[in-house]
Amino acid sequence: MRVMVSKIRHRMPSFISLSIFWLSAFLVLLTTTEQSLAQSAYADHQYTSEDIEAGSRVYVAECALCHQRSGSGVDGVDLRLGQFRRPLSDNDLREVITTGVSNGRMPGLDLRQDELDGIVAYIRAGFDPSGIAVKVGDAARGQMLFEGEGQCSSCHRVNGRGPRVAPDLSDIGVVRTPAALQRTLLEPSSALLPINRPVRAVTRDGQTIRGRRLNEDTYTVQLIDSEERLLSLIKSDLVEYEVSETPTMEPTTLSSDEVADLIGYLLTLEGLR
Ligand code: HEC
Ligand code: HEC
């Protein structure tokens with residue numbers, strides 16, 4: 001017995017250090033793939049880290065006097081968190097900076113284009129020089145794409161209009177960041193929330209039900225089926241129950257400007273307030 005215990009004691013540390021080794025190797029791999037992804041597929045959807053870096057210097061020189069280093073120096077505006085008086089696209093931001101707002105309470109500033117881009121990037125990166133600054137386009141154009149060419153409204157519901165087969169997006173602008181929205185559109189599989197997963201169930205009488213999971217506990221699962229019916233199934237009544245890892249949504253084929261416009265539109269969806 002003694003021998004056993006001491007053997008285990010001896011083994012544990014090497015086992016742990018080995019797993020830490022593999023874990024860190026895995027993490028390195030993960031961050032490198034994430035970075036190369038960020039550089040390739042995402043490149044023209046977002047500002048470069050040089051933009052963000054340069055923007056941080058211009059911000060400190062031109063804006064921090066009133067908005068403070070924290071970005072929250074002006075009532076009702078938090079530049080770091082991207083909270084403005086109204087939803088602003090990147091172009092709106094450039095315009096606010098060059099023409100000023102509120103009859104000169106914020107005076108317009110005469111900045112070069114690269115300085116403007118830098119500040120916008122720094123704000124979109126949440127003031128984090130190593131962060132990701134997603135481009136945010138025009139909300140009106142985004143809405144047209146959402147309802148037209150993008151075919152988003154054939155699955156998604158917004159403010160009481162549209163089907164229920166996909167998540168209701170009425171308040172998506174409050175609950176998701178631009179970066180999260182971009183990831184959903186470019187790479188739905190990496191953004192799929194555990195709860196939204198597509199499910200397939202077969203009942204005892206041989207009926208197959210497909211739908212989107214809304215809620216699940218040990219004994220039951222609630223879902224919306226393909227005919228938009230809200231169903232609650234008792235798991236012990238099912239002969240098969242599968243939760244899929246594959247999202248229903250396809251990666252978008254729209255251009256990077258169009259994706260930016262869609263993000264601009266989604267950010268204006270703030271639910272009923
Ligand atoms: C002289 C002080 C001052 C300076 C300098 C200043 N701001 Fe402002 N800014 C304000 C005030 C005051 C408001 C709020 C205006 C209002 O009440 O609507 C504001 C509002 C804003 C808004 C929100 C506009 C909206 O419609 O929601 C943004 C974005 C903004 N500022 C960005 C900047 C940036 C970026 C800089 C630096 C390039 C900057 N500001 C420099 C005073 C300033
Ligand atoms: C074929 C139906 C379908 C189409 C078309 C579609 N979606 Fe989706 N979308 C879904 C489903 C289902 C989900 C839930 C996750 C999943 O299964 O992919 C989802 C998830 C999302 C989410 C994430 C919601 C969250 O809570 O984070 C966003 C944002 C979104 N879609 C936006 C869009 C936009 C914008 C378009 C148009 C370019 C679009 N979708 C087109 C079905 C669709």
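Look above for the structure.
Here the structure is a predicted model, which is why all the values come from computation and not from measurement.

*Asks:* How do you make sense of the overall build of the protein chain when you look at a structure like this?
*Replies:* A tally of helices and strands in the protein chain yields ten helices and seven strands. By the burial criterion, 35% of the 273 residues in the protein chain qualify as buried. Summarising the internal contacts of the protein chain: among those between residues at least 6 apart in sequence, 55% fall at separations of at least 24. On the protein chain, roughly 17200 Å² of surface is accessible, and the fraction owed to carbon and sulfur atoms is 55%.

*Asks:* Would you mind going over the pattern of salt bridges with me for this structure?
*Replies:* Side-chain pairs of opposite charge can arise where the charged atoms are in close proximity. This model, assessed by the stated rule, comprises twelve salt bridges. For the salt bridge of Arg 94 with Asp 117, the shortest nitrogen-to-oxygen distance reads 3.0 Å. Residue Arg 94 is found in helix H4 (residues 90-99), and its partner Asp 117 is found in helix H5 (residues 113-124); the two are separated by 23 residues along the sequence. One salt bridge in this structure joins Asp 261 and Arg 141, with 2.9 Å as the shortest N-O distance. On the criterion of sequence distance, the pair formed by Asp 261 in helix H10 (residues 256-267) and Arg 141 in helix H6 (residues 139-147) is long-range, its members being 120 residues apart. Taking relative accessible area as the criterion, Arg 141 reaches 47% and is therefore assigned partly exposed.

*Asks:* How do you make sense of the coordination of the iron atom of ligand 2 when you look at a structure like this?
*Replies:* Octahedral six-donor coordination of a metal ideally yields angles of 90 or 180 degrees, compared with 109.5 degrees for tetrahedral four-donor coordination. The iron atom of ligand 2 binds to the protein through His 156 (NE2) and Met 249 (SD), with metal-donor distances spanning 2.0 Å. The coordination sphere of the iron atom of ligand 2 comprises six donor atoms, whose angles at the metal cover 88 to 178°; the geometry is octahedral. Taken as a pair, His 156 in the loop between H6 and helix H7 (172-175) and Met 249 in the loop between strand E7 (238-243) and H10 lie far apart in primary sequence, 93 residues in all. For His 156, a relative accessible area of 11% translates into the label buried.

*Asks:* Explain the site of ligand 2 here, please?
*Replies:* Surveying the vicinity of ligand 2 reveals 21 residues, the closest of which are Cys 152, Cys 155, His 156, Arg 176 and Met 249. Between ligand 2 and His 156, the relevant distance is 2.8 Å, taken from a nitrogen atom to a side-chain nitrogen or oxygen of the residue. In the environment of ligand 2, an oxygen atom lies 3.2 Å from a nitrogen or oxygen atom belonging to the side chain of Thr 248. Top element by residues in the shell around ligand 2 is helix H8 (residues 178-186). It accounts for three residues.

*Asks:* Help me understand the sheet that holds E7, please; the structure alone is not making it clear to me.
*Replies:* Hydrogen bonds between backbone atoms are what pair the strands of a sheet, whose relative direction is either parallel or antiparallel. Taken in spatial order, the five strands make up an open sheet running E6-E5-E4-E3-E7, and their pairing is antiparallel. In this open sheet, the two strands that pair with only one neighbour each are strand E6 (230-234) and E7. Adjacent strand axes in the sheet meet at a mean angle of 40°, parallel and antiparallel pairs treated alike.

*Asks:* Which parts of the structure should I look at to understand the pairing of strand E5 (residues 220-225)?
*Replies:* For a regular strand, side chains alternate in direction, first toward one face of the sheet and then toward the other. Counted residue by residue, E5 has six buried out of six residues, so it is predominantly covered. Residue alternation in E5 divides its side chains into two sets, Thr 220, Gln 222 and Ile 224 and Val 221, Leu 223 and Asp 225, and both sets are buried. Where strand E4 (residues 208-216) and E5 come together, five bridges link them in antiparallel fashion. The residue of E5 that forms the bridge with Arg 213 is Leu 223. Between E4 and E5, which pair antiparallel one after the other, the connecting turn spans three residues. Pairing of E5 with E6, which is carried by five bridges, proceeds in the antiparallel orientation.

*Asks:* Looking at this model, I keep getting lost on the site of ligand 1. Mind explaining?
*Replies:* Around ligand 1, a shell composed of 21 residues is seen, among which Cys 63, Cys 66, His 67, Arg 85 and Met 106 lie nearest. Separating a nitrogen atom of ligand 1 from a side-chain N or O atom of His 67 is a distance of 2.8 Å. The separation between an oxygen atom of ligand 1 and a polar side-chain atom of Ser 102 is 2.8 Å. Elements with a minimum of two residues in the shell around ligand 1: helix H3 (64-67), H4, strand E2 (106-107) and H5. In terms of residues, the shell around ligand 1 owes the most to one element, H4, which gives three residues. Broken down by class, the residue content of the shell around ligand 1 amounts to 15 nonpolar, two polar and four charged.

Definitions and cut-offs
- Residues numbered from 1 in each chain as written.
- Chains lettered and ligands numbered in written order.
- Predicted model: local features only at pLDDT ≥ 70, side-chain atom pairs only at ≥ 80, totals over all residues.
- Heavy atoms only, no water.
- Helix = DSSP H or I, 4+ residues; strand = E, 2+ residues; numbered from the N terminus.
- Buried < 20%, exposed > 50% of the residue type's maximum accessible area, 1.4 Å probe, protein only.
- Contact = heavy atoms within 4.5 Å.
- Areas by Shrake-Rupley, 256 points an atom, 1.4 Å probe, with all protein chains shown as cover.
- Salt bridge = Lys/Arg side-chain N within 4 Å of Asp/Glu carboxyl O.
- Donors = N, O, S within 2.8 Å, 3.2 Å for Na, K, Ca; no water.
- Tetrahedral: all angles 85-135°; square planar, octahedral: opposite > 155°, others 65-115°.
- Near = heavy atom within 4 Å.
- Polar contact = N/O pair within 3.5 Å; in protein donor to acceptor, adjacent residues only side chain to side chain.
- Pairing = 2+ DSSP bridges.
- Axes fitted to C-alpha atoms, helices over the stretch in contact; angles between N-to-C directions.
- Nonpolar A, V, L, I, M, F, W, Y, C, P; charged D, E, K, R; others polar.

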